[in-house]
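Given next are the chains, with one letter for each unit.
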Amino acid sequence: MKKHFLLLILCSFSIISFGQIKESQEIDSIFTEWNKADAPGCALGIIKDGKLIYAKGYGMANMEYDIPNSASSVFRIGSTSKQFTAACIILLAEKGKLNLDDNLKSIFPDFPEYAQKITIKHLLNHTSGIRDYLQLAYLKGLENDDFYTDDDLMKWLVNQSDLNFAPGEEHLYSNSGYWLLGQIVNEVAAMNMAEFAQKEIFEPLGMNNTHFHDDHTRIVKNRASGYAPRNNDDYEISMTTLGMIGDGGIFTTINDIKKWDDAYYESSVLSKEFWNMMTQQGVLNNGEVIDYAAGLIIGNYKGLKTIRHGGAFVGFRAELLRFPEQKLSIAIFANRADADPSRKANQVADILLKNKLVEEVEKNDNKTNISEPEQEFELKQLVGTYEIQSGVTASLSIKNDSLNVLQNWNKSTYNISKLKGNTFQIPGEKDISFTFTNLKDNQTQTLIVFQGGRETKAQRKKEIDSSKINLDEYTGSFHSKELDVTYSFKIENGVLKASVEDKQVSMECTLSEIDQFTMQLGLVRFQRTGTKVSGFELDSGRVKNLKFQKNN
């Protein structure tokens with residue numbers, strides 16, 4: 001094993017990497033945990049002033065055949081693909097084949113009437129209100145290794161009687177929107193989007209190892225396999241047979257993505273007007289400008305403008321981060337489900353742009369309006385449940401003389417330690433902090449979470465007297481016409497539990513408010529006709545108000 005590992009190291013510096021830069025050793029240290037002969041990893045590309053100044057593979061592209069990752073390894077890049085779907089739409093708009101103000105029902109008449117108010121621009125900006133199909137599949141009891149088709153997906157969406165919100169009122173990420181954009185390309189271009197992108201983008205730009213992967217049986221040379229961690233530092237293959245494209249589906253390499261990045265600055269294929277449309281940020285009905293454009297997120301990192309997008313699906317994770325004013329781009333494509341390439345791209349930027357970045361501490365001081373009280377609160381005054389949004393809570397308790405956080409949406413727990421005053425952090429995690437404020441009745445009422453430059457306020461939930469709650473009222477089976485799925489609720493050992501269809505796995509339901517329970521799938525809001533429970537609505541991530549009716 002030792003000889004094998006030494007061989008990998010030699011290969012990684014002689015064949016896999018090229019373009020030595022003075023910061024290479026410091027950058028390599030970011031990926032040390034991934035650069036192993038018995039684990040998957042990633043490929044890194046750094047593009048500066050139109051040159052690929054550093055490209056490196058870390059870890060294995062294929063663990064069965066001991067093939068290392070490299071700049072030529074072909075990765076699935078998940079939602080980083082969305083910019084290519086948007087590009088197809090923008091190109092069709094430039095050709096006069098469609099208008100971004102065209103409505104969805106005019107293209108797909110089978111949709112309910114609400115689709116008349118959904119424009120292509122809404123789909124591009126994630127402001128359509130259409131429910132996310134991956135979440136709908138999950139709520140139907142389907143997993144990543146289950147199979148369904150484009151026809152199935154269209155049926156699910158057409159059967160949705162309502163939206164998450166009125167078009168343009170809010171911004172909520174929706175994979176359905178970008179899958180529909182792909183279907184629009186199919187209709188308008190009179191060819192599959194995979195063919196259209198090949199003809200109009202990939203071939204003209206010389207991206208010879210990039211394609212929309214709509215056929216899971218297709219052979220892909222130099223493909224990196226996707227992996228997910230098991231216990232004891234072991235891994236399992238994590239791939240998919242699904243053929244959906246639009247919301248994802250791009251297979252590409254570091255070498256090819258450099259050509260796409262070049263096209264942003266100068267290209268005879270893609271015009272300046274094309275990129276102006278691609279980077280035009282969405283605007284809500286109230287005039288608020290959001291940071292999402294067309295498959296791209298326009299923001300800033302430590303004071304510098306960024307254009308970026310990440311991706312995550314099965315055993316793959318990706319990030320393409322561009323600093324347009326510095327002509328610097330960082331691409332990280334990983335083939336392990338536990339990867340966080342967005343964070344690692346930021347760390348690479350910290351090294352390369354250290355003299356131009358505003359330190360995060362200064363940013364925190366400037367951006368947050370948290371006034372530290374003179375008195376430091378006792379831990380027992382912080383204990384309780386804080387609601388981040390409807391049905392989404394973080395519960396604080398004391399374990400081993402420290403604060404423990406329980407997230408109800410994924411049941412994960414972790415400890416946080418005091419940073420200063422009434423501000424706490426996860427040990428080793430500098431980019432997230434928890435600050436407790438507003439002491440009333442000897443308890444803090446507000447939890448402020450600061451993460452990635454964003455501030456989220458959560459208010460303390462009032463405790464509910466559950467002694468008068470009759471759990472029997474909520475038992476029975478409930479059917480959703482929108483998803484054609486049945487949920488069953490029953491009492492086990494005094495606890496209300498739910499199951500999907502005929503699956504044996506049951507989920508514990510925790511009382512949130514009167515007639516409201518949280519469970520693994522989300523927030524259940526039971527509804528009554530008179531005094532009897534007659535149905536419920538389910539809020540689950542990117543799906544809101546999904547209706548269920550109680551069976552007789």
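Our subject is the structure listed above.
So, here's what we can say about the structure. This one's a predicted model, so the numbers in the text were calculated from it and none came from an experiment.

### Thoughts on empty space enclosed by the protein
- Enumeration over the complete set of coordinates arrives at one cavity of 30 Å³ or more.
- Put simply, the largest cavity is a space of about 40 Å³.
- Phe111, Tyr114, Ile130, Arg131, Leu157, Gln160, Asp162 and Leu163 are the residues that line the largest cavity.
- Residue classes in the lining of the largest cavity are distributed as five nonpolar, one polar and two charged.

### Some points on the pattern of salt bridges
- This structure, assessed with the given rule, holds 27 salt bridges.
- Notably, a salt bridge pairs aspartate 261 with arginine 322, separated by 2.8 Å at the nearest N-O pair. With aspartate 261 in helix α10 (residues 254-265) and arginine 322 in strand β12 (residues 316-323), this residue pair connects regions lying 61 residues apart in the sequence. Arginine 322 shares its class with aspartate 261; the two are buried.
- Between aspartate 350 and lysine 302 there is a salt bridge whose closest N-O contact spans 3.1 Å. Separated by 48 residues along the polypeptide, aspartate 350 in helix α12 (residues 341-352) and lysine 302 in the loop between β10 (297-301) and β11 (304-313) bring together distant segments of the chain.
- Bridged by salt links that share partners, the residues Glu387, Lys461 and Glu513 form one connected network.

### Considering the sheet that holds strand β1 (residues 42-48)
- Taken in spatial order, the six strands make up an open sheet running β2-β1-β13-β12-β11-β10, and their pairing is antiparallel. Both outer strands of the open sheet, β2 (51-58) and β10, are each paired with one neighbouring strand and no more. With strand direction ignored, the average angle separating the axes of adjacent strands in the sheet is 20°.
- Looking at chain direction, β10 and β11 are connected through five bridges and run antiparallel. In the strand pairing of β11, tyrosine 301 is matched with leucine 304.
- In this fold α12 packs onto β1, β10, β11, β12 and β13 (328-334), with an angle of close to 35° to the strand it touches most, β12.

### Examining the nonpolar core
- Core analysis: the largest hydrophobic core is formed by 110 residues, its most contacted members being Trp260 and Tyr487.
- Among the elements that line this core, the one with the most residues is helix α3 (residues 82-94), at nine residues.
- By size, the runner-up hydrophobic cluster in this structure holds 25 residues, among which are Ile27, Tyr54, Phe323 and Ile332.

### What to know about the sheet that holds strand β28 (residues 522-529)
- Read from one edge of the open sheet, nine strands run β25-β24-β23-β22-β30-β29-β28-β27-β26, paired in antiparallel fashion. Of all the strands in the sheet, just β25 (507-508) and β26 (510-513) have a single pairing partner and so form its edges.

### Focus on the side chain of serine 73
- Tracing the sequence through the fold places serine 73 in the loop between β4 (67-68) and β5 (75-76).
- We classify serine 73 as buried; its relative accessible area is 4%.
- Engagement of the side chain of serine 73 in a polar contact is seen with the backbone nitrogen of serine 70, the distance being 2.9 Å.

What counts and how
- Residues numbered from 1 in each chain as written.
- Predicted model: local features only at pLDDT ≥ 70, side-chain atom pairs only at ≥ 80, totals over all residues.
- Heavy atoms only, no water.
- 1 Å grid on protein atoms, 1.4 Å probe; cavity = no way out; pocket = protein on both sides within 12 Å on 5 of 7 lines; lining within 4 Å.
- Points joined across faces, edges and corners; volume = space filled by probe spheres on them.
- Nonpolar A, V, L, I, M, F, W, Y, C, P; charged D, E, K, R; others polar.
- Salt bridge = Lys/Arg side-chain N within 4 Å of Asp/Glu carboxyl O.
- Helix = DSSP H or I, 4+ residues; strand = E, 2+ residues; numbered from the N terminus.
- Buried < 20%, exposed > 50% of the residue type's maximum accessible area, 1.4 Å probe, protein only.
- Pairing = 2+ DSSP bridges.
- Axes fitted to C-alpha atoms, helices over the stretch in contact; angles between N-to-C directions.
- Contact = heavy atoms within 4.5 Å.
- Core = buried A, V, L, I, M, F, W, Y, C linked by side-chain atoms within 4.5 Å.
- Polar contact = N/O pair within 3.5 Å; in protein donor to acceptor, adjacent residues only side chain to side chain.

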